[in-house]
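What follows is each chain in one-letter form.
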Amino acid sequence: MKPDNSSKNDGKAGGSEEDEALKRDPVADLGKFHSSCEFIKSCIAKIKELKKADKDNSQEIQAVHTDVVVQFIQMKKLNRLAHFRCRKGREATNDAKHKIDQCHLTLQNLLYEVMHLQKEITKCMEFKSKDEEIELVSVDDFYSNAPESFSNPDVTKKDLHQQTLARLEWELQQRKELAVKLKQMETNKDKITQEIKSKKEYLETLQPKLSAILEATRPVQDYLDIPYDTIREEHGKAKHLSPPLYVLYMQLSAYKDACDNQLKVSIEGDVEAAKSMGGQTLELDDDSDSDNDELDGSQSKRRRKTIEARRTDMKNHILQKHPLTVILEITINESKLHLTFNSLSALKIITVNVKVTLRSNDTTSSISGGDLLSPDLLLDELYPGDHGNDSPNVANHYELSKYGLQNLTSYITTVGRPYLWCQWLAGLQFLTKDVMEMENKMAAAQENGEREEAGVKGTGDDGKDGVNEIVQAKHSVSASHMEETIRRLKKRLSARITLLSHISQIERGIIPVCPEVIRLFPAKINAKLTSWKRSTYEDLCMLRQADRAIKAGVIRQSDYIYTALVERGSAKLTAFVVITPDCPFVAPYFVLDIAWQMNRSAVNDIHIMEMEEELNLHHSELVPTKSSRDYLLAAQLFRLLMCFDVYLETEGNSSSIMPVEFHAEKVMPHTSRGRSRSKPYKYLPELGVFSQRL
């Protein structure tokens, strides 16, 4: 066998084929490859046809087979050339990538060097010498104050470096002199401190001696009725009151000493807690419920409060009272009115808690009037429209809603009622247009000596007219309202106690008419008061005859409403009696309904309307003196009985068909008169007859 020399020619053949691959056109080679493929396909098809023929075609098949082998050899060569070209392309690509990597590495090195140089430049530019931290005197002051031995102007003015050195030397000299002065001052300070200490020790030893002297003077104080120690203790507590409560206490004490010795003013509460507050008012802090929990030294985390716990803390913070309170005690006929004034520092308002103590021998009890002395209702509308249900400071509405709390009305049982007059007594003002109108009406009513009977609204809660909030409590505001408010408190307590006593008698069928008024009524009245009980505003709203008064604001939901039943024979009169919180200075209002033969009221009977007018409009005749004002309700009830008799006696004789049930027992020159056929409800005591009003 001949030796295989293909390995010896691989390098040469490979090299020649590589050169040939680079010289040849790849697209032309691709076309030749596709042509060979098509030729081989056609040869295969031809061989298939020859084999299917019946005759022997082996020679033709062999010739075609030889052509296929030649084409196949050509295809292998084209394949090798393609692989050579691909390898050459990869090598060129790798060489190009290597060059790019080298360039990129060089670029990164250059950028790093640039960055390093920039940092060095910045460091050099920002370099500051220690002398720049020293605050030197200005150049002008240096040359004007420093001696020439330091300044040397001939040299330093030309050379900034020498100028700076000279200024530094002058600064050093000045500081040495100041250090000497400081040492001298510290020596003097030590001497003065020692003197103060010795005097303080002397005063500390003096205090027990003064206390012993004051203790020895107690019998003299008791004998002369001069409670010096008590006053001194109260004044010591007053120093720790909040500013509004301090104004309130000082003005109450001044009014007590000057005008009314029967008043009692005192301070109660925790003095130590008030001292810890240091007179600071609580401010609402948005971050009080923040979730930023600090870490202690051991890096242990605090537990985050729940939303409900934070809301409770915020509520307690906003509604927190000042530790000290001012107590005012008013005594009327041995009955006492206790007022406890609280300061809500966060809301910057004053609230009051009320308590009534009746005299020890008072056995008055009433079923229907049991709430007349209720602490929540006793001082309602002491000034017109002032119910104390909401804060007079309009800003509180936004503050409470901001922290997710309800209106102050929901917390009145906890903090007390923020009446407007409480703010005035404490020197605070939260004025709106409605309040100023109210004060003008009250001033006009004072001049006329009577209260306004029309509905006067209180402070505007909408805040649209502008709120003039006085941050600082003023003594002038408190002093201007003190006398009038104390007078109203006394009159309210006295009037309520008297009203409770009268209602207690009315419940038993006894009408306590004042002796000064009894002459205004006839000697005999046949109608009888058989029932007196409490009613409701909702029951009154169901009556058609009450609609006009309700819409006019004469009857309000805050009024006390009672039902009186008057009978005579088969006729029954039901009277709804509306008593305002300021009764008897605002007269009770009557709404009548008569059940006799048919239901009669002011809606279908003009004579009942005249009877209501007689009771509601002409009540001033029943108050001839100031002392008889407290008996106004009883006098109106007595007039109601009288008018009911007149109505039945005149109405019963007007029909000849029905038998006469009520005989005319009263002297009436005219049973009816005028176009409206008015009945003679007016009694003339001088003549003893009944007449119509002209």
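Chemist: Could you clarify how one ought to interpret the overall build of the chain in this entry?
Modeler: In terms of helices and strands, the chain carries 21 helices and 13 strands. Across the chain, contacts joining residues at least 24 apart in sequence account for 67% of those joining residues at least 6 apart. Taken as a whole, the chain presents about 42700 Å² of accessible surface, with 53% of it coming from carbon and sulfur.

Chemist: So what exactly am I meant to see when it comes to helix 20 (residues 606-616) here?
Modeler: Residues that lie three or four places apart on an α-helix share one face, since the helix turns once every 3.6 residues. With eight of eleven residues buried, helix 20 is to be regarded as a mostly interior element. Every buried residue of helix 20 is listed here: His-607, Ile-608, Glu-610, Met-611, Glu-612, Glu-614, Leu-615 and Asn-616. The N-terminus of helix 20 is capped by Asp-605, whose side-chain oxygen sits 3.0 Å from the backbone nitrogen of His-607.

Chemist: How do you make sense of the packing of helix 10 (residues 243-258) against helix 17 (residues 475-507) when you look at a structure like this?
Modeler: Two packed helices can be described by the angle between their axes and the distance between those axes. Running from amino to carboxyl end, helix 10 crosses helix 17 at an angle of 50°, the nearest separation of the two axes being 10 Å. Taken as axis vectors, helix 10 and helix 17 run oblique relative to one another. Between helix 10 and helix 17 lies a crossing of right-handed hand. Where helix 10 approaches helix 17, its residues Val-247, Met-250, Gln-251, Leu-252 and Tyr-255 are matched on the opposing element by His-475, Ser-478, Ala-479, Met-482, Glu-483 and Ile-486. Considering only residue class, the contact of helix 10 with helix 17 consists of seven nonpolar, three polar and one charged.

Chemist: How do you make sense of a nonpolar patch on the surface when you look at a structure like this?
Modeler: A cluster of nonpolar side chains, contributed by Leu-117, Ile-121 and Met-125, occupies part of the molecular surface with about 360 Å² of accessible area. The topology assignment puts Met-125 in helix 3 (residues 58-126).

Chemist: Where do I start with helix 17 in this structure?
Modeler: Its 33 residues give helix 17 an end-to-end C-alpha distance of 47 Å, which sits within 8% of 48 Å, the value for a rise of 1.5 Å per residue. Met-482 marks where helix 17 bends most, by close to 40°. The first or second residue beyond helix 17 is Gly-509, which carries a positive phi of 85°.

Chemist: Even after reading the chapter, I still don't get the pattern of salt bridges, so can you show me in this structure?
Modeler: Here the idea is simple: oppositely charged side chains can pair when their charged atoms come close. On inspection of all chains with the given rule, the structure shows 30 salt bridges. As a salt-bridge pair, Lys-490 and Asp-260 come within 2.1 Å of each other at their nearest N and O atoms. With Lys-490 in helix 17 and Asp-260 in the loop between helix 10 and strand 1 (264-269), this residue pair connects regions lying 230 residues apart in the sequence. Salt bridges sharing common partners tie together Glu-20, Arg-24, Asp-29, Lys-77 and Arg-85.

Chemist: Just to check I follow, could you spell out the environment of Pro-384 for this structure?
Modeler: By the element assignment, Pro-384 lies in the loop between strand 4 (349-357) and helix 13 (395-402). On the basis of relative accessibility, which here comes to 5%, the residue Pro-384 falls in the buried class. Separated by 197 residues in sequence, Pro-384 and Pro-581 place their C-alpha atoms 9.7 Å apart.

Chemist: Would you take a moment to explain the sheet that holds strand 2 (residues 324-332) for this structure?
Modeler: Paired through their backbone hydrogen bonds, the strands of a sheet run either parallel or antiparallel. Strand order in the open sheet made by the four strands is 1-2-3-4, with antiparallel pairing throughout. Looking along the sheet, the strands with just one partner apiece sit at the ends: strand 1 and strand 4. In this sheet, adjacent strand axes meet at a mean angle of 25° when their direction is disregarded. Of the pairings in the sheet, the one linking strand 2 to strand 3 (residues 335-344) comprises seven bridges and is antiparallel in character. What sits directly across from Ile-330, in strand 3, is Leu-337.

Chemist: What is the right way to look at the sheet that holds strand 8 (residues 560-568) in this model?
Modeler: Spatially, five strands are ordered 7-8-9-10-11 in an open sheet, and the strand pairing comes out antiparallel. Pairing within the sheet leaves two strands with one partner each, and these edge strands are strand 7 (528-534) and strand 11 (598-601). Averaged over all adjacent pairs, the angle separating strand axes in this sheet is 20°, with direction ignored. For strand 9 (residues 571-579) and strand 10 (residues 589-596), the ladder comprises seven bridges, and the chain directions are antiparallel. Opposite Phe-576, over in strand 10, you have Val-591 as the bridge partner. Against the sheet, helix 17 makes contact with strand 7, strand 8 and strand 9, and its axis sits at roughly 125° relative to strand 7, the strand it touches most. In the packing of helix 20 onto the sheet, the strands contacted are strand 9, strand 10 and strand 11, and the crossing angle to strand 10 comes to about 150°.

Chemist: Sorry, what's going on with the nonpolar core here?
Modeler: Among soluble globular proteins, nonpolar side chains are generally buried collectively. One finds Leu-339, Phe-341, Trp-421, Leu-633 and Leu-640 to be the most contacted residues of the largest nonpolar core, which totals 111 residues. The element that contributes the greatest number of residues to this core is helix 21 (residues 632-652), accounting for 14 residues. Setting aside anything within four residues of it in sequence, one finds Leu-339 in contact with Val-326, Ile-327, Leu-328, Val-352, Asn-353, Val-354, Leu-379, Trp-421 and Leu-489. Core analysis: the second largest hydrophobic core is formed by eleven residues, Tyr-537, Leu-540, Ala-546 and Ile-555 among them.

Chemist: For this particular structure, what's the right way to read the packing of aromatic side chains?
Modeler: When we look at a pair of aromatic rings, we describe it by the centre distance and by the angle of the planes. Under the counting rule described, the total for this entry stands at nine aromatic pairs. Summarising the aromatic geometry, the rings of Trp-596 and Phe-662 are spaced 5.5 Å apart at their centres and angled 65° between planes, so their arrangement reads as edge-to-face. Separated by 66 residues along the polypeptide, Trp-596 in strand 10 and Phe-662 in the loop between helix 21 and strand 12 (682-684) bring together distant segments of the chain. There is no split in this pair, since Trp-596 and Phe-662 are both buried. Among the aromatic residues, those joined into a ring-pair cluster are Phe-341, Tyr-419 and Trp-421. A cation over a ring is seen here: Lys-157 above Tyr-143, with NZ or CZ 5.1 Å from the ring centre.

Chemist: Looking at this structure, how should I read the packing of helix 2 (residues 26-52) against helix 3?
Modeler: Packing of helix 2 against helix 3 brings their axes to within 9 Å, and their N-to-C directions diverge by 155°. Overall, the two elements helix 2 and helix 3 adopt an arrangement that is roughly antiparallel. As for how helix 2 packs across helix 3, the hand of that crossing is left-handed. In terms of residue class, the contact of helix 2 with helix 3 is made up of 15 nonpolar, three polar and seven charged.

Chemist: How should the environment of Arg-677 be read in this particular structure?
Modeler: Position of Arg-677 relative to the elements: it lies in the loop between helix 21 and strand 12. Residues Arg-677 and His-607, 70 residues apart in the sequence, show an inter-C-alpha distance of 8.4 Å. Those residues in contact with Arg-677 that sit more than four places away from it in its chain are His-607 and Ser-672. In this structure the side chain of Arg-677 is engaged in a polar contact, spanning 2.9 Å, whose partner is the side chain of Ser-672.

Chemist: Teacher, can you tell me more about unusual backbone geometry here?
Modeler: Phi is mostly negative for residues that are not glycine, and the peptide bonds are mostly trans. The residue after Cys-583, namely Pro-584, is reached through a cis peptide bond having omega 10°. Inspection of the secondary structure puts Pro-584 in the loop between strand 9 and strand 10. One non-glycine residue, Glu-334, lies in the positive phi region at around 70°. Considering the arrangement of structural elements, one finds Glu-334 in the loop between strand 2 and strand 3.

Definitions and limits used
Residues numbered from 1 in each chain as written. Predicted model: local features only at pLDDT ≥ 70, side-chain atom pairs only at ≥ 80, totals over all residues. Heavy atoms only, no water. Helix = DSSP H or I, 4+ residues; strand = E, 2+ residues; numbered from the N terminus. Contact = heavy atoms within 4.5 Å. Areas by Shrake-Rupley, 256 points an atom, 1.4 Å probe, with all protein chains shown as cover. Buried < 20%, exposed > 50% of the residue type's maximum accessible area, 1.4 Å probe, protein only. Polar contact = N/O pair within 3.5 Å; in protein donor to acceptor, adjacent residues only side chain to side chain. Axes fitted to C-alpha atoms, helices over the stretch in contact; angles between N-to-C directions. Parallel < 35°, antiparallel > 145°, perpendicular 65-115°, else oblique. Left-handed = near helix turned anticlockwise from the far one by under 90°. Nonpolar A, V, L, I, M, F, W, Y, C, P; charged D, E, K, R; others polar. Patch = residues over 30% accessible without salt bridge, like charges linked within 9 Å, V, L, I, M, F, W, Y side chains within 5 Å. Salt bridge = Lys/Arg side-chain N within 4 Å of Asp/Glu carboxyl O. Expected span 1.5 Å × (residues − 1). Bend = angle between axes of the 7 residues up to and from the residue. Pairing = 2+ DSSP bridges. Core = buried A, V, L, I, M, F, W, Y, C linked by side-chain atoms within 4.5 Å. Phe/Tyr/Trp six-rings, centres within 6.5 Å; stacked < 30°, edge-to-face > 60°. Lys NZ or Arg CZ within 6 Å of the ring centre and 35° of its normal.

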